[in-house]
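Coordinate inspection notes
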Amino acid sequence: MGLGRVITSRDNPTLKLVRKLAEKKHRVETGLFVAEGEDLVEAAAAAGIEPVELLVAGENVVPELLASVSTLPHPARTIGVYRRSDLPAGRRDRCLALWRVADPGNVGTLFRTADAFGTALALSDGCADPTGPKAVRASAGALFRVPATHWDELPGRRIALAAHDGEPLGNVDLTPPVTLVLGSERHGLPDELVAGSEKATISLPGAAESLNVAAAGAIALYELSRRS
Ligand SMILES: C[S@@+](CC[C@H](N)C(=O)[O-])C[C@H]1O[C@@H](n2cnc3c(N)ncnc32)[C@H](O)[C@@H]1O
């Protein structure tokens, strides 16, 4: 730890902050969130995003105390606290838009998928908080790289991905600029959103009635990337 002080008390304000940030209310109030694990902290640094606080087991905090605030099954040895406002924002000519996707694992996975295919991501109101612990983990660092697009600024034509009754995705023009819109896990997309879009469906020759939203997003982005 060099010359700095080592945290030895569970009442330390930084440890208290990390504990609190597991709850959305505190993330919204403070504008901060937590990334756990060396890989995520390195992904942030590679994207030029610096932590407000950095805790490293055995360096500036007693390992057992850091483990006690970790949300991971195998506690992280490095935990960074970041500003939500430091995350990238902006537009790309290909965008994946999520309508009320409520599961944080799905939101994080779709960040990772958008990152893999080089698209931006837009979240409607009612989506899971992408800076919550499960979403951050599932994004595998993509949260620090993928620009978030404002819902009112979706680029190009909108393609509504619907589990049923759309044009087969393979027949749909996906020339950028274009936005692929995915619906919520329970209710899909509302009629008014589909009405202003072209409707596309990934044909499912098997027995399942629909795909998990993250699987649908991955297939659709593969199709988009294969064409461009
Ligand atoms: C679990 S599904 C929603 C199922 C919902 N009961 C419905 O009927 O729309 C969640 C989202 O994944 C996408 N999705 C699932 N299966 C799809 C498919 N075969 N083709 C295109 N999108 C699909 C859609 O965006 C859908 O809104």
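Reading the values: rules and limits
Residues numbered from 1 in each chain as written. Predicted model: local features only at pLDDT ≥ 70, side-chain atom pairs only at ≥ 80, totals over all residues. Heavy atoms only, no water. Domains from an automatic or database assignment. Contact = heavy atoms within 4.5 Å. Buried area = accessible area lost by both parts, 1.4 Å probe. Phe/Tyr/Trp six-rings, centres within 6.5 Å; stacked < 30°, edge-to-face > 60°. Helix = DSSP H or I, 4+ residues; strand = E, 2+ residues; numbered from the N terminus. Buried < 20%, exposed > 50% of the residue type's maximum accessible area, 1.4 Å probe, protein only. Core = buried A, V, L, I, M, F, W, Y, C linked by side-chain atoms within 4.5 Å. Pairing = 2+ DSSP bridges. Axes fitted to C-alpha atoms, helices over the stretch in contact; angles between N-to-C directions. Arc of directions from axis to C-beta. Polar contact = N/O pair within 3.5 Å; in protein donor to acceptor, adjacent residues only side chain to side chain. Patch = residues over 30% accessible without salt bridge, like charges linked within 9 Å, V, L, I, M, F, W, Y side chains within 5 Å. Areas by Shrake-Rupley, 256 points an atom, 1.4 Å probe, with all protein chains shown as cover. Salt bridge = Lys/Arg side-chain N within 4 Å of Asp/Glu carboxyl O. Near = heavy atom within 4 Å. 1 Å grid on protein atoms, 1.4 Å probe; cavity = no way out; pocket = protein on both sides within 12 Å on 5 of 7 lines; lining within 4 Å. Sits in = over half its atoms within 2 Å of the grid points.

Attention now goes to the domain arrangement of the protein chain. Reports of interface size often rely on the accessible area that becomes lost once the parts have come together. Domains assigned within the protein chain are domain 1 (13-86) and domain 2 (94-227). Its C-alpha centre places domain 1 at a distance of 28 Å from the equivalent point of domain 2. The interface of domain 1 with domain 2 comprises 15 residues on the first partner and 11 residues on the second. In this assembly, domain 1 packs against domain 2 so that about 1100 Å² is buried in total across both faces, 69% of it on carbon and sulfur atoms.

Okay, the packing of aromatic side chains next. This structure, assessed with the given rule, holds 4 aromatic pairs. Ring geometry for W99 versus W151: centroids 5.8 Å apart, planes at 55°, classification tilted. In this pair, W99 is assigned in the loop between strand 4 (94-98) and helix 5 (104-117) and W151 in the loop between strand 6 (148-149) and strand 7 (157-161), connecting sequence segments 52 residues apart. Among the residues examined, W151 registers a relative accessible area of 17% and is labelled buried. Three or more aromatic residues joined by ring pairs form one cluster here, namely F33, Y82 and F144.

To continue, consider the side chain of T14. Examined against the element boundaries, T14 turns out to sit in helix 1 (residues 13-20). Classification of T14 by relative accessible area gives buried; the value is 13%.

Right, let's get into the nonpolar core. The tendency in soluble globular proteins is for nonpolar side chains to be buried as a group. Of all hydrophobic cores here, the largest spans 40 residues; its most connected members are Y82, L96, L98, F144, L180 and L182. Those elements that provide at least two residues to this core are strand 1 (32-36), helix 3 (38-46), strand 4, helix 5, strand 7, strand 9 (178-182) and helix 8 (213-227). Here this core spans two domains, since at least three of its residues come from each of domain 1 (13-86) and domain 2 (94-227). Ignoring anything within four residues of it in the chain, the contact list for L182 reads L96, A97, L98, W99, L110, L161, L189, V213, A216 and G217. Counting 16 residues, the second-largest nonpolar core is a separate cluster that includes V34, L65, I79 and V81.

What follows deals with the sheet that holds strand 3 (residues 78-83). Strand order in the open sheet made by the 3 strands is 1-3-2, with antiparallel pairing throughout. Each edge of the open sheet is held by one strand with a lone partner, namely strand 1 and strand 2 (53-56). Each adjacent strand pair in this sheet contributes to an overall mean axis angle of 15°, direction not counted. Helix 1 contacts strand 1, strand 2 and strand 3 of the sheet and is inclined by roughly 100° relative to strand 2. Lying on the sheet, helix 3 is in contact with strand 1, strand 2 and strand 3; it crosses strand 3 at an angle near 40°.

Those residues of helix 1 that sit buried are T14, L15 and V18. Considered in projection along helix 1, the buried side chains sweep an arc of 100° and stay on one side of the axis. Buried residues in helix 1 make contact with strand 1, strand 2, helix 4 (63-69) and strand 3. Its side-chain oxygen at 2.8 Å from the backbone nitrogen of T14, N12 defines the N-terminal cap of helix 1.

We now examine a nonpolar patch on the surface. There is a patch of nonpolar side chains on the surface, built from L204, L211 and I219 and spanning about 200 Å² of accessible area. By relative accessible area, which is 30% here, L204 ends up partly exposed.

Around the ligand there are 16 residues in total, and L161, A162, G183, I202 and L211 lie nearest to it. Backbone polar atom of I202 to a nitrogen atom of the ligand: 2.8 Å apart, as the coordinates give it. Measuring from a nitrogen atom of the ligand, one finds a backbone N or O atom of L211 at 3.0 Å. The cavity where the ligand resides is the second largest pocket.

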